[in-house]
Structures are given as C-alpha cells and as structure tokens.
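Summary of the model geometry
One-letter residues, chain by chain:
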Amino acid sequence: MTHTTHIDKVAAIADFLRTAEPGLLSLRKNGVSHMMPLASDARRADAKVDLRALTEILEIDAEHETCSVEPGVTFAKLVRKTLEYGLIPKLVPELKTITVGGAVSGGSVESMSFRHGGLHDTAIAYECVTGTGEILECSRDQNPEIFEMLHGSYGTLGVLTRIDLQLTRALPFVRMSYPKFTRFEDFYAALLDVCASKEFDFVDAIIHGPDRFVLCLGTMVAGAPGSHGYGIGTDIFYKSTWRRSEDFIPIYDYFFRYDTDVHWLSRKIVGLENPIVRRLFGRFVLGSTRMLELANLFAPILQKGRLPDVVLDCFVPSSRFEEFYRFYESTLNFFPLWIVPYRIDRPYRFVSDEFAGRTSDQLFIDCAIYGKPNDRPGIDYYTVLEEHLFGLGALKALIARNTYSRERFWQIYSEERYSRAKAAADPTGRFRGLYEKVHCRI
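One structure accompanies this document, and this report is about it. Not measured: the values here are computed from a predicted model. (Residues numbered from 1 in each chain as written. Predicted model: local features only at pLDDT ≥ 70, side-chain atom pairs only at ≥ 80, totals over all residues. Heavy atoms only, no water.)

Here we come to the overall build of the chain. A tally of helices and strands in the chain yields 16 helices and 17 strands. Taken against the 2.2 N^0.38 rule, which gives 22 Å for 442 residues, the C-alpha radius of gyration of the chain at 21 Å falls within 12% of a compact globule. Projected onto its principal axes, the C-alpha coordinates of the chain cover approximately 60 × 55 × 45 Å. Looking at the 442 residues of the chain, the share that counts as buried comes to 56%. (Helix = DSSP H or I, 4+ residues; strand = E, 2+ residues; numbered from the N terminus. Rg over C-alpha atoms; globule rule 2.2 N^0.38 Å. Buried < 20%, exposed > 50% of the residue type's maximum accessible area, 1.4 Å probe, protein only.)

So this is what it looks like as structure tokens:
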C-alpha cells in the first residue's frame, strides 16, 4: 500500500462528503460493529459513507516504535504485522474484530491500560475528513481540540482516515500467574498493589463469584515450557483462570484470549461450553466475527418486546470501587465480571469540568458487565447503573442502551467543548450529534 493510494482513497471520501445529497450520513465499514446490536437503530436507513477500502497498514517505523494505519485495520492484523518487528501497540483490545478506528472512537481499554491508559493516550496524530469534506491533520499541537474530542465521539465528529500510534517492545510469550482470593478486601488490595508496583506487563482480573476473585498477571518472556492458545476447540480462557495457578500463552493468542467466547457470551448458546460441541460446531458459531454477526442479524427478533441484556463497561474511580462493587453484588449479582485497571493521567476533554472535578483519582477500575439479563419487571438495569454511577462520579460506556435525559447527559459530558468540536468538524450536521446517536437505542 503506497502513500499515494491512501491519498486517493481519502480524496474520494472527501469528495463524497462535499457532494452528497442532504440528509444524515453514517459509516459503512468492513466487519461487524461493536456497538451492541439493538432492535431499532435509525442508522440503518441513513445514506452511507463508504470506508471499506481503509484497511491498510501504511507504515511501521521500527526505529521510532510507531505505526501509521487506516481506521479499518483490525488489531489482529496490526499485531501480526508489528510482531514481525518485535513490537506491539501499547494497547490491544481483546477481540480480533475491533478496528483501530473503532477503538479510538469508542475508547477501548485492556490489560496494559494500568500503564498506558486508553488507546487515545497512545495516539500521536489523526487524519480526519470533516462533514464538509475538509481533510484535517489533528494532534496535540495541530487542531488540538478536535484531536482530544475524537476519542469517545463514536463517529459523530467526522471520518477518521489515518491513526498514528506509539508501539512498544514485545517478547514471544506471556507468562501468566493467577493469585486467588475469597474476600473482596484482600483481592482489591492486591490489585492496587500490583498496579502501583508496575511489576507486571499486563494486569486485569476476573470475579467469578462473590467469594471467587482472581488476578490475571502477565509478564512477557522469551520462551515457554509449553503453552495454551485458547482458540476454537480448545480450553475456555476465563474458566482456566480459576483452575490454573500459572500459564504460558503465545503473545498473539494472549491478546485475543477472550475472542473465541466473546468473553463468556457463548454461555448464552446452550452447549457451546461443552468440549465436544465446541470441536464439532465451534467454527460455525464461536469467535467475535461470527457471534457479533449473529447478534446483529437476530437482534430485531430476539429483543422484540423486551429490554436488551446488560453489556457495558463502567469506569469507576479507584477510591470508590469498593462502594460500587458492594452495590453491584447486592443489586445485579451477575458473574463473571471482568476487571481492568485504567490509568487516566488527566481528565479527558469530553468529560465536563464539574463532573471530572468530583475525583482526583488517576486510577479507574473498568468493571465490564457482559450478559446480565435485563428481565426484572419494572426495572431497567441500564438506568439503575446510570443513576448509581453518576453518584460515584463514574462513567459508563455508551455502546449499548442509554436512558440519560439530555440534561443529565450534558452534566457528565462537556457540551461546550463537544459543540465547538462539532462546529469545526461537522458544521452542517451530516452526522448525528453524540447524544442523538447514543440515546436510548432500543
């Protein structure tokens, strides 16, 4: 892929945006969306900006440990390529189908986030096409407000066409250890200790139940006495963390250890955790590509007349996390939970100053709830979570159902800064605003 070819692709997108018929636009991309599929989504009827050609790795600079990629590059593709140079991105989301552009727009975190923050925190620059077809270079020095606001904008400010990222050195294997606890207090103290010490390269955790807590601690190593890959037809990663005390995983497989079962959503399909069924039929159903495609296909049928299951990430200041967990255990009581410590050195610009000022914490805890049935009569757990998180000065991801009032939404997010960025990047409103795009997608 040559730089000229990239220029031509971006020029075609810019020309389309300059000449498109009036009306709202949304994006047509390769692969599957990682916004939770919901029964009714107005974007289905929109005219589309075709981004399917933007799938190339443009450059890997091994000397300076950086890369330049188009937004449709999946992390599976990027990691395979950077490993040829002994490098990896500083953050690798856990599903193979997540793209670099999607991870920027949606604010991905993972087990290196205790060191590096979110993907945006490792970004050097973006190229963006505005709603009027202008091509902008954005960085902390050039168009800095748009650069900062693209993170977490869910594609509402313009079209990302190039992302420049930092890389870091890698080794071929990850040696895992799994310290186990029966009390939350002991577990959480140990989690905070390993985040502070930075002894490990990777830190996350799984709460298997109210008295079954496990840390998942990884260190990159040059060799291994044996290893496990956790692909289709093999052991299930999340279950292995409670059974094993140690493990060795090839580094590529480590990054996508949750992909086969989309964490543990495969549990919702009867038999898919049975080893025989997995070997016989897993290739037809398992894996993030297949499972998300099926979820998108059947959402209008399966969700008819009922609220969608709870699938979201909650970002809680570390000083308030025990309080959140006690609420969660008594109110939702759904396990497993995925726990990801997340370093935020300074408040993100998309958060309002008043809301950001509620905490001085630099470590947040991502509590990922994947698959809680939302079937209790008269209660919407999305709304319950929104109210409790607001009281804690915590955020929730906007990838699924959101029931905020407009007033409450803009108490949390910075309407002033978002509106300025929107006026600069999409002055004629070709893309939905952030609140309009994510609000109560039923």
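What follows deals with the pairing of strand 15 (residues 337–343). Counting buried residues along strand 15, 6 of its 7 residues qualify, which places the element largely inside the surrounding structure. Across 3 bridges, the pairing between strand 11 (residues 202–209) and strand 15 is antiparallel. Note that in strand 15 the partner of Ala205 across the bridge is Ile339. (Pairing = 2+ DSSP bridges.)

Okay, the state of the cysteines next. Covalent bonding between the sulfur atoms of two cysteines is what defines a disulfide. This structure, assessed with the given rule, holds 0 disulfides. For the unlinked cysteine Cys128, the closest cysteine sulfur is that of Cys138, found at 5.4 Å. Taking the relative accessible area as the measure of exposure, Cys138 reaches 1% and is therefore buried. (Disulfide = S-S within 2.5 Å.)

Another aspect to go through is the packing of helix 6 (residues 184–197) against helix 11 (residues 321–331). It is the contact of helix 6 with helix 11, at a shortest axis distance of 12 Å, that shows an interaxial angle of 140°. The angle between helix 6 and helix 11 falls in the class oblique. For the crossing formed where helix 6 meets helix 11, the hand is right-handed. On helix 11, the residues touching Phe184, Glu185 and Tyr188 of helix 6 are Phe321, Glu322, Tyr325 and Arg326. Each residue belonging to the contact of helix 6 with helix 11 can be placed in one class, and the counts come to 4 nonpolar, no polar and 3 charged. (Axes fitted to C-alpha atoms, helices over the stretch in contact; angles between N-to-C directions. Parallel < 35°, antiparallel > 145°, perpendicular 65-115°, else oblique. Left-handed = near helix turned anticlockwise from the far one by under 90°. Contact = heavy atoms within 4.5 Å. Nonpolar A, V, L, I, M, F, W, Y, C, P; charged D, E, K, R; others polar.)

A few words on the packing of aromatic side chains. Inspection of every chain in the model, using the stated rule, returns 35 aromatic pairs. Consider the rings of Tyr258 and Trp264, whose centres lie 6.3 Å apart with planes at 85°: the pair is edge-to-face. In this structure, Tyr258 and Trp264 share a single accessibility class: buried. Taken together, the ring pairs connect Phe181, Phe184, Phe187, Tyr188, Phe213, Phe321, Phe324, Tyr325, Phe327, Tyr328 and Phe335 into an aromatic cluster. Note that Arg358 overlies the ring of Phe390, its terminal NZ or CZ placed 4.3 Å from the centroid. Residue placement shows Arg408 over the ring face of Phe390; its charged tip is 3.6 Å from the ring centre. (Phe/Tyr/Trp six-rings, centres within 6.5 Å; stacked < 30°, edge-to-face > 60°. Lys NZ or Arg CZ within 6 Å of the ring centre and 35° of its normal.)

Turning next to the pattern of salt bridges. Taken as a whole, this structure holds 33 salt bridges when the rule is applied. With its nearest N and O atoms 2.5 Å apart, the salt bridge here joins Arg401 to Asp380. Taken as a pair, Arg401 in the loop between strand 17 (395–396) and helix 14 (406–412) and Asp380 in the loop between strand 16 (363–372) and helix 13 (381–392) lie far apart in primary sequence, 21 residues in all. A single burial state applies to Arg401 and to Asp380, both of which are buried. The salt bridge partner of Arg406 is Glu436, with a shortest N-O separation of 2.9 Å. Pair noted here: Arg406 is in helix 14 and Glu436 is in helix 16 (residues 434–438), with a separation of 30 residues, a long-range link. A residue is classified by how much of its surface remains accessible, and Arg406, at 43% relative accessible area, is partly exposed. By sharing partners, the salt bridges in this structure join Arg183, Glu185, Asp186, Glu322 and Arg326 into a single network. (Salt bridge = Lys/Arg side-chain N within 4 Å of Asp/Glu carboxyl O.)

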